[in-house]
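These are the residues of each chain, in order.
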Amino acid sequence: MAFQHDILPGEPIIVVTLFEGFDFGSELTASAGRTYELLQQAVRPVFLIDDLLQVDMDLDELTVAASFTSRGEHPIYHHPNLRAVLFVTNSDMVRLAVKGLMSDTFGNVNAHLFNTLDDALRYARSN
């Protein structure tokens, strides 16, 4: 598996890291399913940090991922235990896709963009 989920002890933060080689066709469902389970188990609303620094995505993969996570059977980006999705990326294409998630088409996902994981963590810890 080219993904990892970390729950930060004592903090309302889940970090999902996608590693180089992540296969959107075969791993997206498993990764999103694990995220959904963690959100279901949360005792209070949490920040979800999607660390995408190590993956390259093409337009088709971004479109599938956006639809699956915001409009699928269990749209994790609209889960009631989710405070916000914090995306960590240096990809201009991903940045545009995240802005699309914040539109009516994808249900106005509460999303924020960061260049580093440290910046995303700092934001989550201060809000």
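Residues numbered from 1 in each chain as written. Predicted model: local features only at pLDDT ≥ 70, side-chain atom pairs only at ≥ 80, totals over all residues. Heavy atoms only, no water.

K.L.:
Is there a simple way to think about the side chain of S70 in this case?
P.N.:
Looking at the element boundaries, S70 is found in helix α2 (residues 59-71). A polar contact is formed between the side chain of S70 and the backbone oxygen of A66, at a distance of 2.5 Å. Those residues within four positions of S70 in sequence are excluded, and the remaining contacts are P75, Y77, H78, L101, F106 and V109. (Helix = DSSP H or I, 4+ residues; strand = E, 2+ residues; numbered from the N terminus. Polar contact = N/O pair within 3.5 Å; in protein donor to acceptor, adjacent residues only side chain to side chain. Contact = heavy atoms within 4.5 Å.)

K.L.:
Where do I start with empty space enclosed by the protein in this structure?
P.N.:
A water-sized probe, rolled over the atoms, reveals where empty space remains. Following the criterion strictly, the structure yields one cavity of 30 Å³ or more and no others. Lining the largest cavity are 23 residues, and of these D50, A65, T69, Y77 and F87 lie nearest its centre. Sorting the residues of the lining of the largest cavity by element identifies β2 (13-18), α1 (24-41), β3 (46-51), α2 and α3 (92-101) as the ones contributing at least two each. With five residues, the top contributor of residues to the lining of the largest cavity is α1. Broken down by class, the residue content of the lining of the largest cavity amounts to 19 nonpolar, three polar and one charged. (1 Å grid on protein atoms, 1.4 Å probe; cavity = no way out; pocket = protein on both sides within 12 Å on 5 of 7 lines; lining within 4 Å. Points joined across faces, edges and corners; volume = space filled by probe spheres on them. Nonpolar A, V, L, I, M, F, W, Y, C, P; charged D, E, K, R; others polar.)

K.L.:
Please clarify how the nonpolar core should be interpreted in this entry.
P.N.:
By size, the foremost hydrophobic cluster in this structure holds 31 residues, and its most contacted members are L18, Y77 and F87. Contributions of two or more residues to this core are made by β2, α1, β3, α2, β4 (82-88) and α3. If we ignore the near neighbours within four places in the chain, the residues touching F87 are D50, L52, Y77, V98, L101, A111, H112, L113 and F114. Formed by 12 residues, the second largest nonpolar core is a distinct cluster that contains L8, L86, F114 and A124. (Core = buried A, V, L, I, M, F, W, Y, C linked by side-chain atoms within 4.5 Å. Buried < 20%, exposed > 50% of the residue type's maximum accessible area, 1.4 Å probe, protein only.)

K.L.:
Any chance you could explain the sheet that holds strand β1 (residues 3-7) here in plain terms?
P.N.:
Adjacent strands of a sheet pair through backbone hydrogen bonds, lying either parallel or antiparallel. Spatial ordering of the open sheet is given by β1-β2-β3-β4-β5, a layout of five strands whose pairing is mixed. Each edge of the sheet is formed by a strand with only one pairing partner; in this case those strands are β1 and β5 (111-114). Averaged over all pairs of adjacent strands, the angle between their axes in this sheet comes to 20°, without regard to strand direction. Direction of pairing for β2 relative to β3: parallel, over a ladder of five bridges. Looking at β3, one finds that I13 is bridged to F47. Taken strand by strand, α1 contacts β1, β2, β3 and β4, and its axis lies near 10° from that of β1. Contacting β2, β3, β4 and β5, helix α4 (residues 117-126) crosses the sheet at an angle of about 175° to β3. (Pairing = 2+ DSSP bridges. Axes fitted to C-alpha atoms, helices over the stretch in contact; angles between N-to-C directions.)

K.L.:
Teacher, can you tell me more about the pairing of β1 here?
P.N.:
Residues in a regular strand point their side chains to alternate faces of the sheet. Of the strand pairs in this sheet, β1 and β2 are connected by five bridges, and their pairing is antiparallel. Bridge pairing in β2 links D6 to V15. Between β1 and β2, which pair antiparallel and follow one another directly, the connecting turn spans five residues, one of which, G10, has a positive phi of 75°.

K.L.:
Looking at this model, I keep getting lost on α3. Mind explaining?
P.N.:
Residue pairs three or four apart in sequence face the same way in an α-helix, which turns once every 3.6 residues. Where α3 is concerned, the buried positions are V94, V98 and L101. Relative to the axis of α3, the buried residues are bounded by an arc of 50° and lie together on one face. The outward face of α3, more than 90 degrees from its buried face, is lined by the exposed residues D92, L96 and K99. Against α2, β4 and β5 lie the buried residues of α3. Its side-chain oxygen 3.3 Å from the backbone nitrogen of M93, S91 forms the N-cap of α3. (Arc of directions from axis to C-beta.)

By themselves, these are just geometric observations and shouldn't be taken as functional.
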